[in-house]
Amino acid sequence: MTRIFNDPADFADEALAGFCDAHSDLVRQVEGGAVRRSRPATPKVAVITGGGSGHYPAFAGIIGPGFADGAVVGNIFTSPSTQQAYSVAKAADSGAGVVLTYGNYAGDVMNFGMATERLNAEGIPAENVLVTDDIASAAPHEAEKRRGIAGDFVVFKVMGAAAEAGLDLASVVRVGRKANSLTKTIGTAFSGCTFPGADQPLFRLPEGQMGLGLGIHGEPGLFDTELPSAVELGQELVRRVLAETPESGSTRLAVILNGLGSTKHEELFVLWRTVAPLLREAGYTLVMPEVGELVTSLDMAGVSLTLTWLDDELEQYWTAPALTPAYRRGAVGFEVASAKDSGVDASAAAAVDYSATSESREYAAQCLSALDATADLLRDSEAKLGDMDAIAGDGDHGRGMVRGSAAALAAASVASERGAGAGSVLIAAGDAWADKAGGTSGVLWGAGLRAFGERLGDAETPTPVVLAESIRAFADRITSLGKAEIGDKTMVDALLPFASSLEALISAGTAPEDAWSAAAADAAKAAAATAELRPLKGRARPLAEKSIGTPDPGATSLAMVFAAVGPHFAAVPVTASNFATSN
Ligand code: ADP
Ligand code: MG
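Residue numbering note: each chain is counted from 1, following its sequence as written. Chains and ligands are labelled by the order in which they are written, letters from A for the one and numbers from 1 for the other. Restriction of local features to residues with pLDDT of at least 70 applies here, the model being predicted, together with a cutoff of 80 or more for giving and counting side-chain atom pairs; totals for whole chains, interfaces and linings are based on all residues. Here the side-chain values reflect all heavy atoms present in the structure, with hydrogen atoms and water set aside.

As a further point, take the coordination of the magnesium ion (ligand 2). Donor atoms from the polypeptide that coordinate the magnesium ion (ligand 2) comprise Asp389 (OD), Asp394 (OD) and Asp396 (OD), at 2.0 to 2.2 Å from the metal. Atoms are scored as donors when they are N, O or S and lie within 2.8 Å of the metal, with 3.2 Å used for Na, K and Ca; no water is included, so coordination may look incomplete. Between consecutive donor residues of the magnesium ion (ligand 2), the sequence gaps follow D-x4-D-x1-D. Each member of the pair, aspartate 389 as well as aspartate 396, carries the same accessibility label: buried. Think of it in three bands: with a 1.4 Å probe and only protein chains considered, a residue is buried below 20% of the maximum accessible area for its type, exposed above 50%, and partly exposed in between.

In structure tokens, the structure reads:
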């Protein structure tokens, strides 16, 4: 239970602000997260970690000499936006390039990836290192699909130390990827975590049971089993991780026995009494093991075991000194350089001058009504969508859609008041949605709306054909970014049938309102049919079996929204010339 909060929606922001104040000797808050208080005297590679909130001390707690240069801090369990990642990277860059490193989750991959493109385009060399240590989340032959959990800590630590030692960008990336390939984790959950303001945990385990293969976003374990004794639990964890011993594995191990948030240190030490001797008996030397809370999941009860097979280079960086709010090792020569602000305020959007035709402005008002209806509908559906997402995902879909659609409506209203046409209104809406929603669906909805707006433009009179083409642009952007196909159990399963039906009906001459409602009915049918599918993309993939019987949350919300916005988007003028093929 999270008991200390004000407005639950402000929890992550307030926690970050409090953290930065409490540790103002080491960190400084910037747009999108935090960076080191002092800039390095000579340029060095900046190591930026990140992800959602709820994992303290990951990610902001490990900012400081010898470790991270900055952390991008998203909302609880949701990816930070592209804008946030870009802004933190700009603030932390000291002239030798930046490496963004994070656990392998679709939302993070897309947002950090887009931020990286933007940095490179501006001449700041940027690279990404993904952490994929969770052996429960995919089979060894699909190791690149695994998610990142407590192994994050080791990978970030060695990269931080390598950057501090003056290695160049390519070398820091090489060290990070090597550490990731030699790092394996298995976790177990004893009870789920509860979002601030929620009265129910994201999942429950029956008394006396544990879930093996937990995720760190409240995803339940892959399967439930009897809660064993501490000795049996230790044996099980060691056996499972050692089964993944890499071919090139050395006999020296970095070890993390990590508590997930409400498992006491004493319990971890009891478990360590089994884990350590077993590893030593297997012939390993344990190098600076960590028993404590390093990557948590709000107030979840659970534990994970991480092993990293160290070679000489990794051991040097694993044992190097570090000084951060949550983690200290050895003595660091504390460099108090000028606490010079980079002066970047990436959010300072220049006032935009809009020019639009009156037809486009009229349609912009309809777009605004569509966004209004969307925000209303999603507010009413937040709990339902969250519950659907909690079955195999992380339970944040409702919250993300509410945040995204509310931000989209607010930004669109501002643009419209300033005279924007339909295209610019939807572009403003899309950018705000992507920035504020968090999560995979937020990135995709945001990018899709932007593409919709780009196709519409601010000059053309929207006709049925333009409308169908704009929806196609929305769909194309989402599939090119998310790479999901029909049958992967994502929003694409509802989106593509919608776009195809709308195109076919409009080119056959059906009135746009009728075409839209028929297409929306097809989308609803397709969304319902996803109940039978196993998810092949996104956070629900590792728990595919649990998801069978429940429709995909993203497909469901998309079908609902498309049904609700028809009267606004589809009310476009029909003239004979509107049709590509008239009959
Ligand atoms: P997250 O998965 O990051 O927590 P949400 O819970 O908001 O984000 O959204 C989950 C939904 O996102 C899924 O139900 C699915 O419809 C959609 N989704 C996930 N991955 C993809 C993808 N690669 N392409 C398209 N849609 C996706
Ligand atoms: Mg989710």
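This brings us to the sheet that holds strand β11 (residues 285-292). Strand order in the open sheet formed by 6 strands is β9-β8-β7-β12-β10-β11, with mixed pairing between adjacent strands. Edge positions in the open sheet fall to β9 (223-226) and β11, since each of these has one partner strand only. When the angles between neighbouring strand axes are averaged without regard to direction, this sheet yields 20 degrees. Of the strands in this sheet, β7 (183-191), β8 (209-212), β9 and β12 (301-309) are in contact with helix α6 (residues 230-242), which crosses β12 at around 40 degrees. Pairing between strands is defined by DSSP: at least two bridges between the two strands are required. Only DSSP runs of H or I covering at least 4 residues are called helices, and only runs of E covering at least 2 are called strands; the numbering of each starts at the N terminus. Lines fitted to C-alpha atoms define the axes, with helix axes restricted to the stretch in contact, and inter-axis angles between N-to-C directions lie between 0 and 180 degrees. We call two residues contacting when some pair of their heavy atoms lies within 4.5 Å.

This paragraph deals with the packing of aromatic side chains. Side-chain rings of Phe, Tyr and Trp, where Trp is taken by its six-membered ring, are said to pair if the distance between their centres is within 6.5 Å; with planes under 30 degrees apart they count as stacked, over 60 as edge-to-face, and otherwise as tilted. Counting across every chain of the model gives 19 aromatic pairs. Measuring from ring centre to ring centre gives 6.4 Å for tyrosine 284 and tryptophan 309, while their planes differ by 75 degrees; the resulting arrangement is edge-to-face. Of this pair, tyrosine 284 sits in the loop between α7 (265-281) and β11 while tryptophan 309 sits in strand β12; the two residues are 25 residues apart in sequence, bridging distant segments of the chain. For tyrosine 284, a relative accessible area of 12% corresponds to the buried category. A ring pair is formed by tryptophan 445 and phenylalanine 474, whose centres lie 5.5 Å apart and whose planes are at 70 degrees; its orientation type is edge-to-face. Of this pair, tryptophan 445 sits in helix α12 (residues 439-456) while phenylalanine 474 sits in helix α13 (residues 464-482), placing them 29 residues apart in sequence.

So, on to the domain arrangement of the chain. Where each domain begins and ends follows an automated or database-derived domain assignment. What the domain assignment reports for the chain is domain 1 (8-329) and domain 2 (358-580). Distance between the C-alpha centres of domain 1 and domain 2: 34 Å. Contacts between domain 1 and domain 2 engage 29 residues on the former and 22 residues on the latter. Carbon and sulfur atoms make up 55% of the surface buried where domain 1 meets domain 2, a total of about 2,100 Å² over both sides. Every case where a carboxyl oxygen of Asp or Glu lies within 4 Å of a side-chain nitrogen of Lys or Arg is listed as a salt bridge. Counting the contacts that link domain 1 with domain 2 gives 0 salt bridges. In the analysis that follows, any N or O atom pair within 3.5 Å is treated as a polar contact, provided that within protein one partner can donate a hydrogen and the other can accept it, and provided that, for residues neighboring in sequence, both atoms belong to side chains. Summed over the shared surface of domain 1 and domain 2, the number is 5 residue pairs in polar contact (both at pLDDT 80 or more). Elements represented by at least two residues in the side of domain 1 that touches domain 2 include exactly α2 (82-92) and α3 (106-121). No other element matches the 6 residues that α3 contributes to the side of domain 1 that touches domain 2. Put simply, Ala, Val, Leu, Ile, Met, Phe, Trp, Tyr, Cys and Pro go in the nonpolar bin, Asp, Glu, Lys and Arg in the charged bin, and everything else, Gly too, in the polar bin. Looking at the side of domain 1 that touches domain 2 residue by residue, the classes come out as 13 nonpolar, 11 polar and 5 charged. Note: buried area is the sum, over both parts, of the accessible area (probe 1.4 Å) each one loses when the two are combined.

What follows deals with the sheet that holds strand β4 (residues 70-76). The sheet built from 6 strands is open, its strands ordered β1-β2-β4-β3-β5-β6 with mixed pairing. In the strand order of this sheet, the two ends are held by β1 (27-30) and β6 (126-131), each with one partner. Between one strand axis and the next, the sheet turns by 25 degrees as a mean value, whatever way the strands run. In terms of strand pairing, strand β2 (residues 33-36) meets β4 through 3 bridges, oriented antiparallel. Directly across from alanine 34, in β4, lies its bridge partner alanine 71. In the packing of α2 onto the sheet, the strands contacted are β1, β2, β3 (46-53), β4 and β5 (98-103), and the crossing angle to β4 comes to about 160 degrees.

Moving on, we come to the site of ligand 1. By convention in this text, a residue qualifies as near a molecule or strand provided that one of its non-hydrogen atoms is within 4 Å of it. Residues in close proximity to ligand 1 total 20 residues, the closest being Thr440, Ser441, Gly482, Met491 and Asp552. The separation between an oxygen atom of ligand 1 and a polar side-chain atom of serine 441 is 2.5 Å. Counting residues per element, the ones that place at least two in the shell around ligand 1 are α12 and α17 (553-569). Per-element tally for the shell around ligand 1: the top contributor is α12, with 4 residues. Each residue belonging to the shell around ligand 1 can be placed in one class, and the counts come to 6 nonpolar, 8 polar and 6 charged.

In this chain, tyrosine 56 is followed by proline 57 through a cis amide linkage whose omega measures 10 degrees. Mapped onto the elements, proline 57 comes out in the loop between β3 and β4. With an omega of 10 degrees, the peptide bond running from alanine 58 to phenylalanine 59 counts as cis. With respect to the secondary-structure elements, phenylalanine 59 resides in the loop between β3 and β4. Even without a glycine there, the phi angle at methionine 288 is positive, about 45 degrees. By the element assignment, methionine 288 lies in strand β11. Residue methionine 288 is classed as buried on the basis of its relative accessible area of 18%. Although it is not a glycine, lysine 483 adopts a positive phi angle of roughly 60 degrees. With respect to the secondary-structure elements, lysine 483 resides in the loop between α13 and α14 (492-507).

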